[in-house]
Amino acid sequence: MSLLELTNVSKEFSVGGTTTVYALDDVSLTVNAGETLAVIGESGSGKSTLGRLALRLIEPTRGSVHFQGTDMLALPAAGLRQLRAKAQIIFQEPFESLNPRMRVADIVGEPLAIHQPKTPAADRRSRVARVIDQVGLAPEMARRFPGELSGGQQQRVGIARAIVTEPSLIVLDEPTSSLDLSVRAQILQLLADLQTELGMGYLFISHDIHTVRYVSDRIAVMYRGRVVETGPSERVFADPQHPYTRALLAAALPVDPDQELPPARLVGDPVSPTEKVSGCVLYGRCPVGEDRCVQNEVRLTRFDADRAVACIKPGAPGS
Ligand code: ADP
Ligand code: MG
């Protein structure tokens, strides 16, 4: 049983009553206990929508979400509250996600107060102190307000708050994107250490390949609301099959002379998120696209034992 399982999930936002934004289109993915699934894609590809749906912070238009085998969408409010202790989220902007009028100790302790109200206050305090130490903050930070901390320290508080209830899943929505490079590396190391120590599964959202490269076990590449390629990270990086993945890697990484396929380059503009697409979402930008890419449904299809690609000719040499 997977820790998190999204099955055929779609999300459409209605804007102004007349326009529909196709934010997620038929996405299926799993996160297993203790592993990191990286969700990568450019801005607007649907990553945050996916992360919020995974925790039922928003409801899907279609599809199902299971957490540890429980149908999240069928849960009544009380059940959902309980589950929230086990599935947490860390946001990109630590300062905006921390209450500026609360002290660090109270911010970190709040989930305990909500989820374990019967735990004696002294036990909660010692748990908070332990978690503050675990994320590498000095004990005296507990009395500070978020505005008195650096960006890296604020994100450590966000992490402490997320792990205090001992969750089994954390959705990390661009957790290091707002941080300086040097701090970014420290936070990534902290997240990796905590995962080893506590065995949590991570759904790690990022637009930056460099960030996820070394922290992810598997990767799901998103484009325009769809997963276009998924598989073990090492293999996707070494031998990307979807023209979009290849273009993304070619733009971000030095060309690897051992790579079997030449990098693909994208042309033109992405299709509007308000346009319903049944064929390939990359059509029009794809260097190897053909008429049949729009005439037929193009969906994620098994490529080999543990990889899948949404392309009718995966690996076709591009220009
Ligand atoms: P990402 O996190 O990859 O940048 P998002 O999930 O935030 O992408 O957005 C996916 C698409 O859905 C975008 O086109 C975005 O404008 C749209 N979108 C997200 N949230 C809303 C909303 N509440 N109302 C309308 N459109 C939205
Ligand atoms: Mg986002």
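Please refer to the structure higher up on the page.
Here's a quick rundown of the structure. Once a new chain begins, its residue numbering starts again from 1 and follows that chain's sequence as written. Each chain is given a letter, starting from A, and each ligand a number, starting from 1, according to the order in which they appear as written. pLDDT decides what is reported in this predicted model: residues at 70 or higher carry local features, side-chain atom pairs at 80 or more are listed and counted, and totals for whole chains, interfaces and linings draw on all residues regardless. The basis for the side-chain values is all heavy atoms of the structure; hydrogens and waters are excluded.

**What about the pattern of salt bridges?**
The criterion, for reference: The rule for a salt bridge is simple: a side-chain nitrogen of Lys or Arg has to be within 4 Å of a carboxyl oxygen of Asp or Glu. Strands are runs of DSSP state E lasting at least 2 residues, helices are runs of H or I lasting at least 4, and numbering of each runs from the N terminus. Three exposure classes are used, based on accessible area relative to the maximum for each residue type with a 1.4 Å probe and protein chains only: buried under 20%, partly exposed in between, and exposed over 50%.
Within this structure, the stated rule accounts for 16 salt bridges. Here Arg-52 ties to Asp-173 by a salt bridge, and the two come within 3.4 Å at their closest N and O atoms. Of this pair, Arg-52 sits in helix α1 (residues 47-54) while Asp-173 sits in strand β7 (residues 169-173), and the two are 121 residues apart along the sequence. Residue classification places Arg-52 among the partly exposed positions, given a relative accessible area of 28%. Of the charged contacts in the structure, one is a salt bridge between Arg-292 and Glu-290, with a shortest N-O distance of 2.6 Å.

**Notes on the pairing of strand β11 (residues 301-304)**
Our working rule: Between any two strands, pairing holds if DSSP finds at least two bridges.
Where β11 meets strand β12 (residues 307-309), three bridges bridge the pair, whose relative direction is antiparallel. Paired with Arg-302 across the strands is Ala-308, a residue of β12. Joining the antiparallel neighbours β11 and β12 is a turn of two residues.

**A closer look at the packing of helix α4 (residues 104-115) against helix α6 (residues 151-163)**
Short version of the rule: Only C-alpha atoms enter the line fits that serve as axes; for helices the fit covers just the stretch in contact. Angles between N-to-C directions range over 0 to 180 degrees. With respect to orientation, any angle under 35 degrees is reported as roughly parallel, any angle over 145 as roughly antiparallel, any angle of 65 to 115 as roughly perpendicular, and every other angle as oblique. For a crossing to be left-handed, the near helix must be turned anticlockwise from the far one by less than a right angle; the clockwise case is right-handed. Note on contacts: a residue pair qualifies if any of its non-hydrogen atoms lie within 4.5 Å across the two residues.
Relative to each other, α4 and α6 sit at 30°, their axes nearing to 7 Å. Between α4 and α6, the interaxial angle falls into the category roughly parallel. As α4 runs across α6, the sense of the crossing is right-handed. Contacts between α4 and α6 involve Val-104, Ile-107, Val-108, Glu-110 and Pro-111 from the first element and Val-157, Ala-160 and Arg-161 from the second.

**Quick word on the site of ligand 1**
Let me state the cut-off plainly: The nearness test applies per residue and asks whether one of its heavy atoms lies within 4 Å of the molecule or strand. The term polar contact refers here to a pair of N or O atoms within 3.5 Å; inside protein, the definition further demands a hydrogen-donor-capable atom paired with an acceptor-capable atom, and it admits residues adjacent in sequence only when both atoms are side-chain atoms. Asp, Glu, Lys and Arg are counted as charged, while Ala, Val, Leu, Ile, Met, Phe, Trp, Tyr, Cys and Pro are counted as nonpolar; the rest, among them Gly, fall into the polar class.
Close to ligand 1 lie 13 residues; Gly-44, Gly-46, Lys-47, Ser-48 and Thr-49 are nearest. Take Ser-45: an N or O atom from its main chain is 3.2 Å from an oxygen atom of ligand 1. With respect to ligand 1, the backbone of Ser-48 contributes an N or O atom lying 2.9 Å from an oxygen atom. Secondary structure elements with two or more residues in the shell around ligand 1: β1 (4-15), β2 (19-31) and α1. Top element by residues in the shell around ligand 1 is α1. It accounts for three residues. Split into classes, the residues belonging to the shell around ligand 1 amount to five nonpolar, six polar and two charged.

**Some remarks on the side chain of Glu-35**
With respect to the secondary-structure elements, Glu-35 resides in the loop between β2 and β3 (36-40). We classify Glu-35 as buried; its relative accessible area is 10%. For Glu-35, the side chain forms a polar contact with the main-chain nitrogen of Asn-32, separated by 2.9 Å. For Glu-35, the residues in contact, after removing those within four places along its chain, are Thr-30, Gln-195, Met-200, Gly-201, Tyr-202, Asp-217 and Arg-218.

**What to know about the sheet that holds strand β9 (residues 218-223)**
Judged by pairing direction, the sheet is mixed, and its eight strands sit side by side in the order β6-β7-β8-β3-β9-β10-β12-β11 without closing on themselves. Bordering the open sheet on either side are β6 (87-90) and β11, each of which pairs with just one other strand. Ignoring which end each strand starts from, the neighbouring axes of this sheet average 20° apart. Sheet analysis places β6 next to β7, joined by four bridges and oriented parallel. Bridge pairing links Gln-88 to Ile-170 in β7. Here helix α10 (residues 243-252) sits on the sheet in contact with β3, β9 and β10 (226-232), set at roughly 100° to β9.

These figures capture arrangement, not role.
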